[in-house]
Amino acid sequence: MVKVLTDAGAAKYTAIRTDYDPASSFAEVRSATVYRGDGGVEQVPVSSVLDLPQPQEMIYWGPRMKLTPIPKLEPGDAVEITTVSKGFVIAYLAGKAGAGDERYIPPMRGHYYDVVLFQAGLPIVHKVYTITLPKDKPINARVFHGELGSSVSFSANGLVYSWWKDNVPAIQREPKMVEDTDAMPKLVLATVPDWPTKSRWFYKVNEDASAFAWNDAIKRKVDEITSGLKDDDEKRAALLGWVATRIRYSGISMSKGEGYTLHPGTMTFEDRCGVCKDIAGMLITMFRAAGYTTYPAMTMAGAKVENLPADQFNHCVVAVEIKPGEYKMYDPTWCPFSSEIWSSAEKPQNYDIGSPRGEELMETPPAPPEDNLIRVVSKSSLLANGDLQGTFSITGGHYSETNLRWAVVNSNANAVKPMFEQWLARLSPSAELTSCATTDPVDVKTPFVITLVYRVPGYAMATKDGLFFKLPAAQNIVSNRRLTDFAAAATSKKRNYDIFLRATRKCVFEETLSLPQGYVLKSGPEAKPVDAAAASFEGSASFKNGAVVSKETFIVKKKIIPADEQPGLAEAWEAMNAFGDGVAAASK
Amino acid sequence: MCKLLVSLLCAALWGTASFAAGIAPKYASSPGLKEYPSSDVLVLSESREYTVEPDGRVTERYFKAEKILTYQGMDLVGDPLVPFNSETQEIRDYALTTYTPDGRVVGAKANSFNEMTPFELEKAPAYTSWREMVMTKVGLDLGAVVESRYVISDKRPWRKFFEKAVPFVYALPCLERIVKVTVPNDVALHWAFLNGDVKPAITSEGGATTYAWAVKSADGVDMAEGNRDEWLARSRLVFTTCPGWREANAAVGELTDGAVASGSEEINKKTRELVAGAATIFNKVQCIHDYVAEDIPTVEWPLGLFGFTPRPAAEVFHTGYGHALDKAVLLCAMLKQIGVEAAPAACALGIPGLGDVDAVPCLAQLDEILVHADVDGKPLWLDPCAKLSERSQRDFQDYKGLPLTVGYDKLHTMPAAGKANRLEANLRATVTKALAFAGEGTFVFSGGYTTFYEAQGSQDALKTAAEEWLGAVLPGADVVSTSVNLMAPEQVSVTVAFKGEAKEAGKGIHVLKTGLLHGSLLAHPAQIFRQKRELPLLLPFAGHEETRVSFELPAGLKPAYVPGRLSLKETAGSVNEAWSLDGNQLTMTTEADVPSRFVKPEDYPGFRRLCSSFAAPSANTILFTK
């Protein structure tokens, strides 16, 4: 039941949506009642509930929804809805689901799991979660990020577990905060005894579905891709590159078995599209065709997996057993046009490999900031009238390099030059891009370089015998939501929640700015060094051989930054910006 | 016929891609990335064929063949959405066939075609008969050619008239684009090809006449350059079976009048609640309008697809959502409750260069709804989907519209703003030796520049607005107090007292910055970072701007840097900026003139120079050294 407090709140409740997947679940709206603030009660006829296809984007598996129209609510009104559902929203099995209730049987037959949040975007007066289990069915359960009331009782039907929480305020979201599951009070429960059991199930369910069998066409393609390559790492990288770029992310349904069962490699090879599990399945198929012992793995991109064998996964990747019990991880969904085989955006990240012997929950190690280098080298020259001309050379490592490649290859062909023009506009609104060039963004074996040649009329403030100017390299021209996601976290005020960044980062800006003949640097911008737990900054500027030479280094040391370390990130960020805003003075 | 046979054969080969050496012969000589290096996909051919049956039912047959040139191209065209109304229409005979460079021919299976409820309609149960068919293309590869086809046919006659506005230029280049319209011989088709000179081939057969427009080798346009108004500069075909604006008005006006008249006690009660405490008629109108604009969710779906059919006001209110015309109907009904006469109008921007919306009586091109309200004998134009502080009459300049209440037979033009478009500021400040400053200045916003709806209503609104005005011209300065000289819809004049300081930036260097006035036509036009454009740039209006900022410096303090004179004259306008130091008096005067709101692509680089010259640090920074 939801009580509406304002007109804006009422506007959000024109209809209530209840989702289900017709392949594996059932949903019914039993009743919907509006309690008016003046005491009136209105029943919404259940006959008015619509059964519709859900809106979908990128994953087209045919899910449906019950849409309950709600008569106009006024502040003070409340709406109560009762729904009944059975089954599960994602179909797990490729097995022969029978008629009737058979299709609602969960993939791990006899097991149950759930992850329940006890906070939301709206304040909650009371929330309770109750589950009844057979007396001989034990359950693992744990509460995270706060406390919940709880009880266990028994009845003729079995053991009854309840958890509840009262008077929970609405969450106040913060920029770049960790996922809700890592911030809100959370109950995780599972009847699965341990991770190896889950691992073996995941292995078996896909083997039983023959998901990774290959045909002649796939074998021919594998041979073609690996032809001439001697080293196993090189061969696997080549296969990863092909799958990552040629299997488009778009999920069409294979009907029964959609979910944790990967599409057969033969199907994906023909369709050339799929979601992460299908892209992973294609790579597993090709790795196996090439002779590598390979398994699928479940992982959770963007959030933590608690050490309790519930399904806390949203992503599927690939594990190659390079020695008994030793794996190398590959992620074809996150590594298109990348020199990485496992994205630095997934370091650290939990995963569980589906293997015949059964694996424990594992975690990838963090990526050192040096891996994800962004290097901007500026070579420029000032004229006595204040005009500037120069060249930016932009390179990167690992995740940063991948993002530079993506900025080009994932943009429309006619939007690349305007994007560079937009970057240059950070230098000055009057900046003119004279020419731009990149190395081949698809060739991941060759370091990626963006070269921007430009001029800026009236860049420096010119007097009769002097020039005042900012250092071009220090103007942070490279900026987008992936490359510089830390900026939003650095500028936010007081934080209650940890920060989740795409990756650690090391940004280096180097400048060689030639002054007009006879000019010397009188004063340059001063850097305030910062070395905090989360981030650091240092910078310097000097005059050498007729040029201003400067170097700045800004490092984001952690991918997940504890809330209490945010001030260090902010301090380093502000120090870098202050250096960029600093005005240098040169004179004859 | 040949294409159809191949497609049918492929469609029959579900799951069994056929192989041959190289791409299918019919596409073997098609151009590629070499010829189109700035494109991700090349449309080889596209055709839309509309057939109007004698009983009014319409069938649309669509075909497209496109070649994938880049990886981005696969994502760009991989999953197109085809809208249709499942209640009145049927989508059928859909098929996708991919021909790859290595000779595969991949036919899409049934799982490639997924019907969904549009995101825009998921909270609007009354409109969920509208669906989108997602057509997921399979087997894509670089150099592959994909054929798409479908048929959408009316299940029953439901249209008063059949009409469409069909662009002939899109984001992707196209070798051949064809639109055919077939109507019974006794039905007249009115058409105009706007922003282009394309005549149809006309043929008659079997009691029907077919008009066919064909354009070869149309370049693509980077749609991100512009907004929906600027997109109107593309060439487009507009056609209708409606004989005139009188008939268009009659078809919708009667429905609209009826919908407005269908009030309810629920509406009356809410209206009374909303206006309680409002002192003037204008305040009451604003309370009601704010409610409809903000608290009745807008269904963002093209009005033309809804056939300009509103639901009754009582139903709109009871369900709590509506499209723009629904919301206009509710707004009119509520305004009538307080004695304000109001009526909606269907509008579009009507300025030369965008195509004459009056050329054909096609309502589908007037896809913006405004409400005309008579407030104390003066007209007040309201956007039912945006508050007055967001959109007001100044934003509707050059609009043309058809009133959607019975009795009108022609388009009307929005009256010009009551005052000339003029923006002025005059500020004086005294600077201390510590490089702090304090002073006051007057801002005058006239005509299109008016800030009336942002600033009026409360002291908080005025202070927030004043902070923006001051922050634009003297970045970093703080408002101390404000006093209103004039607050009227067509002109606002406010005096602002302020203080600030020249901030240190570098060793012993202090910076005092100035900037363009708030609302200046030269301040941050969208996409101004682009060095050239293919679409025109549309400014909100033409205008004239003047600024004077004067600093009295302490004795002995001389700036280390003062900007020089700036004077630029371009086709799109002119700017002049001068700084003078007369004794201790440092004065900046600027003047900008933009004579037309329509900046042609060829004039855009000059307009960009006007913007960037003012925005460059060398033109707006004063430096002091200590």
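Residues numbered from 1 in each chain as written. Chains lettered and ligands numbered in written order. Predicted model: local features only at pLDDT ≥ 70, side-chain atom pairs only at ≥ 80, totals over all residues. Heavy atoms only, no water.

It is worth spelling out the overall build of chain B at this point. Within chain B, the regular secondary structure consists of 12 helices and 32 strands. Referenced to the eigenvectors of the C-alpha coordinate spread, the extents of chain B come out at roughly 90 × 65 × 40 Å. Each of the 626 residues in chain B was classed as buried or not, and the buried ones make up 58%. Here the contacts in chain B between residues at least 6 apart in sequence split such that 74% fall between residues at least 24 apart. Surface exposure of chain B reaches about 24900 Å², of which carbon and sulfur atoms provide 52%. For chain B, the distance from the average position of its 62 positive side-chain charges to the average position of its 76 negative side-chain charges is 3 Å. (Helix = DSSP H or I, 4+ residues; strand = E, 2+ residues; numbered from the N terminus. Buried < 20%, exposed > 50% of the residue type's maximum accessible area, 1.4 Å probe, protein only. Contact = heavy atoms within 4.5 Å. Areas by Shrake-Rupley, 256 points an atom, 1.4 Å probe, with all protein chains shown as cover. Lys, Arg positive; Asp, Glu negative; His and termini not counted. Charge placed at Lys NZ, Arg CZ, Asp CG, Glu CD.)

With that out of the way, let us pick up the overall build of chain A. What chain A contains, in helices and strands, is 10 helices and 36 strands. With the C-alpha coordinates aligned to their principal axes, the bounding extent of chain A is approximately 95 × 70 × 40 Å. Counting over 588 residues, chain A shows a buried share of 54%. Long-range contacts, defined here as pairs at least 24 residues apart, represent 71% of the contacts in chain A between residues at least 6 apart. Total accessible area on chain A is roughly 24000 Å²; 52% of this is exposed by carbon and sulfur atoms.

A word on the side chain of Glu511(A). All names here are of chain A. Along the chain, the position of Glu-511 falls in strand 30 (residues 505-514). This buried residue, Glu-511, is left without a salt bridge; Lys-379 holds the nearest opposite charge, at 8.7 Å. Among the polar contacts made by the side chain of Glu-511, one reaches the side chain of Ser-378 at a distance of 2.8 Å. When near neighbours in sequence (up to four residues on either side) are disregarded, Glu-511 contacts Ser-378, Ser-380, Leu-471, Pro-472, Ala-473, Val-548, Val-549 and Ser-550. (Salt bridge = Lys/Arg side-chain N within 4 Å of Asp/Glu carboxyl O. Polar contact = N/O pair within 3.5 Å; in protein donor to acceptor, adjacent residues only side chain to side chain.)

On the surface, a cluster of nonpolar side chains totalling about 310 Å² of accessible area is made up of Met1(A), Tyr35(A) and Val41(A). The residue Tyr35(A) is located in strand 3 (residues 25-35) in this model. (Patch = residues over 30% accessible without salt bridge, like charges linked within 9 Å, V, L, I, M, F, W, Y side chains within 5 Å.)

What follows is about the packing of helix 3 (residues 216-226) of chain A against helix 4 (residues 232-246) of chain A. All names here are of chain A. Look at helix 3 against helix 4: their axes get within 9 Å of each other, and the N-to-C directions meet at 120°. Put simply, helix 3 runs oblique to helix 4. Every pair of crossing elements has a handedness; the one defined by helix 3 and helix 4 is right-handed. Residue-level contacts link Lys-221, Val-222, Ile-225 and Thr-226 of helix 3 to Lys-235, Ala-238, Leu-239 and Trp-242 of helix 4. In the contact of helix 3 with helix 4, the residues fall into five nonpolar, one polar and two charged. (Axes fitted to C-alpha atoms, helices over the stretch in contact; angles between N-to-C directions. Parallel < 35°, antiparallel > 145°, perpendicular 65-115°, else oblique. Left-handed = near helix turned anticlockwise from the far one by under 90°. Nonpolar A, V, L, I, M, F, W, Y, C, P; charged D, E, K, R; others polar.)

Before going further, it helps to examine the interface of chain A and chain B. In this complex, chain A contributes 68 residues to the contact, which on the side of chain B involves 71 residues. Of the roughly 5700 Å² buried at the junction of chain A and chain B (both faces included), carbon and sulfur atoms supply 54%. For chain A, the biggest contributors to the area lost against chain B are Lys72(A), Arg248(A) and Glu270(A); these three give 13% of the whole. For the interface between chain A and chain B, the tally reads nine salt bridges. The shortest N-O distance in the salt bridge between Arg272(A) and Asp141(B) comes to 3.6 Å. (Buried area = accessible area lost by both parts, 1.4 Å probe.)

Turning our attention to the pairing of strand 8 (residues 145-154) of chain B. Residue and element names in this part refer to chain B. Along strand 8, 10 of the 10 residues are buried, which leaves the element largely enclosed by surrounding structure. Here strand 8 shows no split at all, with Val-145, Glu-147, Arg-149, Val-151 and Ser-153 on one side and Val-146, Ser-148, Tyr-150, Ile-152 and Asp-154 on the other all buried. Here nine bridges tie strand 4 (residues 89-99) to strand 8, and the two strands are oriented antiparallel to one another. In the strand pairing of strand 8, Glu-90 is matched with Ser-153. (Pairing = 2+ DSSP bridges.)

A separate point is helix 4 of chain A. Taking 1.5 Å as the rise per residue, helix 4 of chain A with 15 residues should run 21 Å; its terminal C-alpha atoms sit 21 Å apart, in good agreement. Along helix 4 of chain A, the residues that are buried comprise Arg236(A), Leu239(A), Leu240(A), Trp242(A), Val243(A), Ala244(A) and Thr245(A). Of the surrounding secondary structure, the elements contacted by the buried residues of helix 4 of chain A are helix 3, helix 5 (265-271), helix 6 (276-289), strand 19 (315-323) and strand 20 (326-330) of chain A together with helix 2 (71-77) of chain B. Two to three positions downstream of the cap, the backbone nitrogen of Asp233(A) sits 3.2 Å from a side-chain oxygen, assigning the N-cap of helix 4 of chain A to Asp231(A). (Expected span 1.5 Å × (residues − 1).)

All right, on to the nonpolar core then. Side chains of a nonpolar character, in soluble globular proteins, are inclined to be buried together. In this structure, Leu335(B), Trp469(B), Leu522(B), Phe551(B) and Phe607(B) are the most contacted members of the largest nonpolar core, which totals 104 residues. Among the elements that make up this core, the one with the highest residue count is helix 8 (residues 324-337) of chain B (10 residues). Every residue in contact with Phe607(B), bar those within four places of it in the chain, is listed here: Leu521(B), Leu522(B), Pro525(B), Ile528(B), Leu537(B), Leu539(B), Ala572(B), Val594(B) and Val599(B). In this structure, Ala460(A), Phe509(A), Ala532(A) and Ile561(A) belong to the second largest nonpolar core, which totals 61 residues. (Core = buried A, V, L, I, M, F, W, Y, C linked by side-chain atoms within 4.5 Å.)

Now for unusual backbone geometry. Cis geometry marks the peptide bond from Lys347(A) to Pro348(A), where omega comes out at 5°. In this fold, Pro348(A) is placed in the loop between strand 20 and strand 21 (350-353). One non-glycine residue, Phe308(B), adopts positive backbone phi at about 55°. Here Phe308(B) shows up in the loop between helix 6 (281-295) and helix 7 (313-319).

Moving on, we get to the sheet that holds strand 8 of chain B. Residue and element names in this part refer to chain B. One open sheet holds the eight strands; their spatial order is 5-4-8-2-1-10-13-12, and the pairing between them is mixed. A single partner strand is all that each edge strand has here, and the edge strands are strand 5 (105-107) and strand 12 (201-205). If you compare each strand with its neighbour and ignore which way they point, the axes differ by 15° on average. The pairing of strand 12 with strand 13 (residues 208-218) spans five bridges and is classified as antiparallel.

Take helix 8 (residues 416-425) of chain A next. Residues and elements named next belong to chain A. Among the 10 residues of helix 8, seven are classified as buried, and the element is accordingly described as predominantly covered. Considered for burial, the residues of helix 8 that qualify are Val-416, Pro-418, Met-419, Phe-420, Glu-421, Trp-423 and Leu-424. Turning to helix 8, the residues buried within the fold contact strand 24 (388-396), helix 7 (398-409), strand 25 (432-438) and strand 26 (450-456).

Residue and element names in this part refer to chain A. Secondary-structure assignment places Arg-288 in helix 6. Separated by 44 residues in sequence, Arg-288 and Ala-244 have C-alpha atoms that sit 17 Å apart. Residues within four places of Arg-288 in sequence aside, it is in contact with Tyr-203, Glu-207, Phe-212, Trp-214, Thr-294 and Tyr-295.

Attention shifts here to empty space enclosed by the protein. Residue and element names in this part refer to chain B. Evaluated as defined, the whole model comprises two cavities of 30 Å³ or more. Roughly 120 Å³ of internal volume is contained in the largest cavity. Taken together, 15 residues line the largest cavity, and the ones lying closest to its centre are Gly-515, Leu-516, Thr-547, Thr-590 and Phe-614. Sorting the residues of the lining of the largest cavity by element identifies strand 27 (543-552) and strand 30 (585-594) as the ones contributing at least two each. Per element, the largest residue contribution to the lining of the largest cavity is four residues, and it comes from strand 30. (1 Å grid on protein atoms, 1.4 Å probe; cavity = no way out; pocket = protein on both sides within 12 Å on 5 of 7 lines; lining within 4 Å. Points joined across faces, edges and corners; volume = space filled by probe spheres on them.)

What follows is about the side chain of Ser550(A). Residues and elements named next belong to chain A. Its location among the elements puts Ser-550 in strand 34 (residues 547-556). Judged by relative accessible area, Ser-550 falls into the buried class, the value being 6%. Discounting chain neighbours no more than four positions away, the residues touching Ser-550 are Leu-471, Phe-509, Glu-510, Glu-511, Ser-540 and Ala-541.

All names here are of chain B. Contact pair helix 6 / helix 8: the axes reach a minimum separation of 10 Å and the direction vectors enclose 155°. Classed by the angle they form, the pair helix 6 and helix 8 counts as roughly antiparallel. When you trace helix 6 past helix 8, the crossing you get is right-handed. On helix 8, the residues that touch Val-285, Ile-288, His-289, Tyr-291, Val-292 and Ala-293 of helix 6 are Lys-327, Leu-330, Leu-331, Met-334 and Leu-335. A per-class count over the contact of helix 6 with helix 8 returns nine nonpolar, one polar and one charged.

The next thing to look at is the sheet that holds strand 31 (residues 520-523) of chain A. Residue and element names in this part refer to chain A. Judged by pairing direction, the sheet is antiparallel, and its four strands sit side by side in the order 27-28-36-31 without closing on themselves. A single partner strand is all that each edge strand has here, and the edge strands are strand 27 (461-462) and strand 31. In terms of strand pairing, strand 27 meets strand 28 (residues 466-469) through two bridges, oriented antiparallel. Within strand 28, the position partnered with Ala-462 by the bridge is Leu-467.

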